[in-house]
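Inside the fold
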Amino acid sequence: MERTFSIIKPDATKRNLVDPINQIIEKNDLKIIASKSLKLNKEQAEGFYKVHKERPFFSSLVEFMTSGPVQVQVLEGDNAVSKYREIMGATNPKEAEDNTIRKLYAENIEANSVHGSDSKENAETEIAFFFSVSELL
Ligand code: CMP
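On to the site of the ligand, then. The environment of the ligand is made up of Lys9, Tyr49, His52, Phe57, Leu61, Thr91, Arg102, Ile109, Glu110, Asn112 and His115. One of the side-chain N or O atoms of Arg102 is found 3.3 Å from an oxygen atom in the ligand. Contact between the ligand and Asn112: an oxygen atom at 3.3 Å from a side-chain N or O atom of the residue. In isolation the ligand exposes 450 Å². Once the protein is present, 80% of that is buried. Residue classes in the shell around the ligand are distributed as 4 nonpolar, 4 polar and 3 charged.

Next comes the structure, spelled out in structure tokens:
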């Protein structure tokens, strides 16, 4: 059993896509073991995406991620990290496979509906960024 971290981003929450996206997640045998809605502040968004702070899209990304509510979630299942990345599809929806979340719902490379951890180590760090131990029992 493995855990990964997911964010359903503001472009998706504003179009009421939390339930449809979660149906895809569950259909693929990932269990949603924790879930909450929150609005990120600038410091949280900058901290979460700090590995990208030198990238040209960083300030726009922070503005987008703070523009509305997000749904932060912990997903559990066999090979959860790689499985969720497969279900999400490529970062750029133009390159995403058919029936992936981003192919179905993303608006563009920035407003791409979902985030998922890219490694087990980052999953642990990202989960700890948003959830306390008692929320994950
Ligand atoms: P995510 O998987 O959350 O990781 C970093 C995010 O930055 C990414 O999804 C997109 O929302 C955004 N992003 C990545 N590349 C670009 C880009 N070239 N232009 C704009 N936004 C990007």
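Burial analysis of strand β1 (residues 2–8) places 6 of its 7 residues in the buried class, which makes it a mostly covered element. Sheet topology places β1 next to strand β3 (residues 70–77); 7 bridges connect them, and they run antiparallel. Residue pairing across strands places Ser6 opposite Gln73, the latter belonging to β3.

Our next topic: the layout of surface pockets. Estimated volume of the largest pocket: approximately 720 Å³. Along the walls of the largest pocket sit 24 residues, with Tyr49, Val51, His52, Leu61 and His115 positioned nearest its centre. No other element matches the 4 residues that helix α7 (residues 120–130) contributes to the lining of the largest pocket. By residue class, the composition of the lining of the largest pocket is 8 nonpolar, 8 polar and 8 charged.

Conventions we followed
Starting afresh in each chain, residues are numbered from 1 along the sequence in its written order. The predicted origin of the model limits local features to residues at a pLDDT of at least 70 and limits the giving and counting of side-chain atom pairs to 80 or more, whereas totals for whole chains, interfaces and linings rest on all residues. Only hydrogens and water are removed before side-chain values are computed, so all heavy atoms of the structure are retained for them. Put simply, a residue is near a molecule or strand once any heavy atom of it comes within 4 Å of that molecule or strand. Identification of polar contacts relies on pairs of N or O atoms within 3.5 Å, with a donor-acceptor requirement for protein atoms, meaning one able to donate a hydrogen and the other able to accept it, and with residues adjacent in sequence counted only if both atoms are side-chain atoms. We get accessible surface area from the Shrake-Rupley algorithm with a probe of 1.4 Å; when it comes to residues, only the shown protein chains can shield them. Amino acid classes used here: Ala, Val, Leu, Ile, Met, Phe, Trp, Tyr, Cys and Pro are nonpolar; Asp, Glu, Lys and Arg are charged; the rest, including Gly, are polar. Throughout, exposure labels follow a simple rule: accessible area from a 1.4 Å probe, protein chains only, divided by the maximum for the residue type, with under 20% read as buried, over 50% as exposed, and the rest as partly exposed. Elements are defined by DSSP. Helices are runs of H or I of four residues or more, strands are runs of E of two residues or more, and each kind is numbered from the N terminus. When DSSP locates at least two bridges between a pair of strands, those strands are taken to pair. A 1.4 Å probe that fits but cannot get out identifies a cavity on a 1 Å grid over protein atoms alone, an open set with protein on both sides within 12 Å along at least five of seven lines counts as a pocket, and a residue lines either if it has an atom within 4 Å of a point. Grid points are joined across faces, edges and corners, and a volume is the space filled by probe spheres set on the points.

Just geometry here; none of it tells us what the structure is for.
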